[in-house]
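# Residue-level structure breakdown
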Amino acid sequence: MKLRRRRTAIFLSILTVTSGFVLPASANRRRPLSTAYVSQPQIAQLVKEIDARNIERTIRKLVSFGTRNTLSAQNDPNRGIGAARDYLFTEFSKAAQQSGGRMTVEKQTFEQPKAARVPTPTMVTNIVATLRGTQPESASRTYVVSGHYDSMCGSPTDAVCDAPGGNDDASGTAAVLEMARVMAKYEFDATIIFMAVAGEEQGLLGSTYAAEQAKMKGVDIEAMFTNDIIGNSLGGNGVRNTNTVRVFSEGVPSNEKPEEATVRRGVGGENDSTSRQLARFIKDVGEFYVGGMKVMMVYRRDRYLRGGDHIPFLERGFPAVRFTETNENYNHQHQNVRLENGVQYGDLPEFDDFNYIANVARVNAAALAALALAPARPKNVAVVTARLTNDTDLKWDANKEPDVLRYEIVWRDTTSPVWTNARAVGKVTSYTMLRMSKDNYFFGVRAIDKQGNKSPVSFPHPVR
Ligand SMILES: [Zn+2]
């Protein structure tokens, strides 16, 4: 890097002398972000260990319970949501046995009162497997990955019909279980929670309870991923796409306060929520570790007028995103299983692409591992506005992790979807980008540890 920098400097000084121009802003550019990651053997290895055959086995087992409607039987060992709940508890517990006592599994149960899609009070149970972080300064920092194990046929309140839910959402549930199985053997600085929730089809009941509990207990959830409908690589539009997954992230936070909206209108940032930074991080890391997979960022909280289990987390101020296949097939979602004019309806496992699900799980796992190995995103990142200048003065709080090596300033044109440039600035808590105006670029700060693990980017707020 040093050699290259020197050469750039010489070139630029010649440019300055011969042309007499003021240095263009691009003179500050160092290297594109796409080359910014150091491959971590641990992440590369765990990505490899994710096995499509395990995912297929889990999905077929979940489908074998006939229905997993939240209102279905709780105590029948063979049919209904109770059978699925107990099966998942057993499987997550098996995964925990690989963790040397670091992973614990619990049933998070609550009674859901009567509601729009809940005709009588109903017990709802989430299966929650917590893999505790091993770095004391990071162990309270928590990342959540989730799928919903309940299913529905045509009607959300029909507890009797067959509702195989092979894609919606046995696919997401199986991916989360496979991540737990693989990742339990590895150590991470921060804590990862692997979760299978119920009551999604009844109105995000399980995830709402989990998010509310986390908020009440003050859990520091720095990211939440929901995997919902990640199983089908052939869309109802006839498009087969086996190498792209959509990651939905909101631009303006669901819990934005009016005074925060005023600041945002003053400085920009409707494309720079913490959830959007998370989506950029997932794209960077996922595509780096999972060859051939593309992350299609969608600048929406969820699909058009639709919702998912990340929303209760967003509403409580936790950054969250949704993973979903690129082209959905509505013949296989929320349908009674039937053959009609030669067309098969119903969410049957034969419409799942298990290798595709494994790849989506790998993107998740790489991003989760990268998050949980890296330092926290820097806090209280600010643009100091004390002077009117063409420079940009940035400051932030020092990270508390002992292995933080340095910080990087990243930037991009205001019209760019992703961060395009980075500059290492050492172990400092302020830095001035000379001759680069905050009017013309978006800036951010991230923390890097001694092994080269990088945090997500923090977007600055203005301070005087
Ligand atoms: Zn779903």
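Scroll up to find the structure.
Residues numbered from 1 in each chain as written. Predicted model: local features only at pLDDT ≥ 70, side-chain atom pairs only at ≥ 80, totals over all residues. Heavy atoms only, no water.

### Let's talk about the pattern of salt bridges
In the structure shown here, the tally under the stated rule is 30 salt bridges. A salt bridge links Asp 162 to Arg 79, with the shortest nitrogen-to-oxygen separation between them at 2.9 Å. Highlighted residues: Asp 162 in the loop between β4 (141-148) and α5 (170-183) and Arg 79 in the loop between α3 (52-63) and α4 (81-96), separated in sequence by 83 residues. By relative accessible area, Arg 79 is classed as partly exposed at 31%. When the shortest N-O distance is used, the salt bridge between Arg 412 and Asp 272 registers 2.8 Å. With Arg 412 in strand β14 (residues 404-413) and Asp 272 in the loop between α7 (258-267) and α8 (274-289), the pair connects residues that are 140 residues apart, well separated along the chain. With relative accessibility at 0%, the residue Arg 412 sits in the buried group. (Salt bridge = Lys/Arg side-chain N within 4 Å of Asp/Glu carboxyl O. Helix = DSSP H or I, 4+ residues; strand = E, 2+ residues; numbered from the N terminus. Buried < 20%, exposed > 50% of the residue type's maximum accessible area, 1.4 Å probe, protein only.)

### Some points on the pairing of β14
On a regular strand, each side chain points to the face opposite its neighbour's, so the side chains alternate between the two faces of the sheet. Counting buried positions along β14 yields 7 of 10 residues, so the element is predominantly enclosed. Where β14 lies against strand β17 (residues 441-449), 9 bridges are found, and the strand directions are antiparallel. Within β17, the position partnered with Tyr 407 by the bridge is Ala 447. Of the strand pairs in this sheet, β14 and strand β15 (residues 421-426) are connected by 5 bridges, and their pairing is antiparallel. Looking at the pairing, Ile 409 lines up with Arg 423 of β15. (Pairing = 2+ DSSP bridges.)

### Some remarks on the sheet that holds strand β5 (residues 191-197)
Ordered in space as β2-β3-β5-β4-β6-β9-β7-β8, the 8 strands form an open sheet in which the pairing is mixed. Each edge of the open sheet carries a strand with a single partner, namely β2 (103-112) and β8 (294-298). Here the strands of the sheet are splayed against their neighbours by 25 degrees on average, with no regard to which way each runs. As judged from the 4 bridges shared by strand β7 (residues 244-248) and strand β9 (residues 320-325), these two strands associate in the antiparallel manner. Note that in β9 the partner of Val 247 across the bridge is Phe 323. (Axes fitted to C-alpha atoms, helices over the stretch in contact; angles between N-to-C directions.)

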